[in-house]
Amino acid sequence: MSSEQRVKVWDIAVRLFHWSLVVLFFVAYFSGELEGQVHALAGYAVLALLAFRVVWGVVGTRYARFSDFVYGPSATLQYVRSLLSGTPRHYLGHNPLGGWMVVALLVVLLGASWSGLEAYALEGHGPLAGVEKRLVAPAMANDDEREGDREGKEAEGDEFWEEIHEFLSHVALLFVVLHIVGVLIASAVHRENLVRAMITGYKTKQGP
């Protein structure tokens, strides 16, 4: 005989972070080609959420901590094998694959956010604008350098960060899609509604 017990897994901070990031990421992604401040403001908000999640991943509640869901290669491989065998091990928090997807998303989104700040700074906007000017000015202090060369270097730097930002944004979208697919598969395999769990905070614990 087995019994089921509802357990509070995701705290309110994790749930608010998750759904806020969903909304803000898509706002930032689909406003990238538009003029105005929407894209920049959404990007700032995403970066603030990511900073919070990194801190909360260290000092937060049990299942929010990286130490709870970042597994080594051996444990991750064992979970993959159990998944392929049709009898996957059940985790109250993120399973090993889900945990690594969280880490991958955080890293890629941080990279996309930072490259966005760099590109924005080269346009003279954002918190890095002053830093960019101080770094670029000494390199362009040669009086013999032509104005056209200076503009060319600025354009190259701007294009570089824009391309990095666009590439990482597309990678982040790919990871989001893979995350959604993974959630649907895990929900079916483990017979639990993971979307509802991220709304209510509760998951089902299997017991004897």
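The structure under discussion appears in the preceding block.
What you see is a predicted model; the values in this text were computed from it and never measured. (Residues numbered from 1 in each chain as written. Predicted model: local features only at pLDDT ≥ 70, side-chain atom pairs only at ≥ 80, totals over all residues. Heavy atoms only, no water.)

**Student:** In this structure, what is going on with the overall build of the protein? I would like to understand it.
**Tutor:** Across its full length, the protein carries eight helices and two strands. Listing every helix and strand of the protein by position from the N terminus yields β-α-α-α-α-α-α-α-α-β. Evaluated residue by residue, the protein yields a buried proportion of 36% over its 208 residues. Sequence-distant contacts in the protein: of pairs separated by 6 or more residues, those separated by 24 or more amount to 69%. Per element, the accessible surface of the protein, about 12,800 Å² overall, is 64% carbon and sulfur. (Helix = DSSP H or I, 4+ residues; strand = E, 2+ residues; numbered from the N terminus. Buried < 20%, exposed > 50% of the residue type's maximum accessible area, 1.4 Å probe, protein only. Contact = heavy atoms within 4.5 Å. Areas by Shrake-Rupley, 256 points an atom, 1.4 Å probe, with all protein chains shown as cover.)

**Student:** Please clarify how the side chain of Ser-115 should be interpreted in this entry.
**Tutor:** Along the chain, Ser-115 turns up in helix α5 (residues 96-122). A polar contact of 3.0 Å, which involves the side chain of Ser-115, links it to the backbone oxygen of Ala-112. A polar side-chain atom of Ser-115 sits 3.4 Å from a polar atom in the side chain of His-165. Here Ser-115 is in contact with Trp-161, Ile-164, His-165 and Leu-168, once residues within four sequence places are set aside. (Polar contact = N/O pair within 3.5 Å; in protein donor to acceptor, adjacent residues only side chain to side chain.)

**Student:** Which parts of the structure should I look at to understand helix α4 (residues 73-85)?
**Tutor:** Residues spaced three or four apart along an α-helix point in a common direction, a consequence of the helix completing one turn every 3.6 residues. A rise of 1.5 Å per residue sets the reference length of α4, with its 13 residues, at 18 Å; its end C-alpha atoms lie 18 Å apart and thus fit the reference within 8%. Turning to α4, its buried residues number three or more, namely Thr-76, Tyr-79 and Ser-82. Down the axis of α4, the sector holding all buried residues measures 125 degrees, keeping them to one side. Exposed side chains of α4 directed beyond 90 degrees from the buried face belong to Pro-73, Gln-78, Arg-81 and Leu-84. The first or second residue beyond α4 is Gly-86, which carries a positive phi of 90 degrees. (Expected span 1.5 Å × (residues − 1). Arc of directions from axis to C-beta.)

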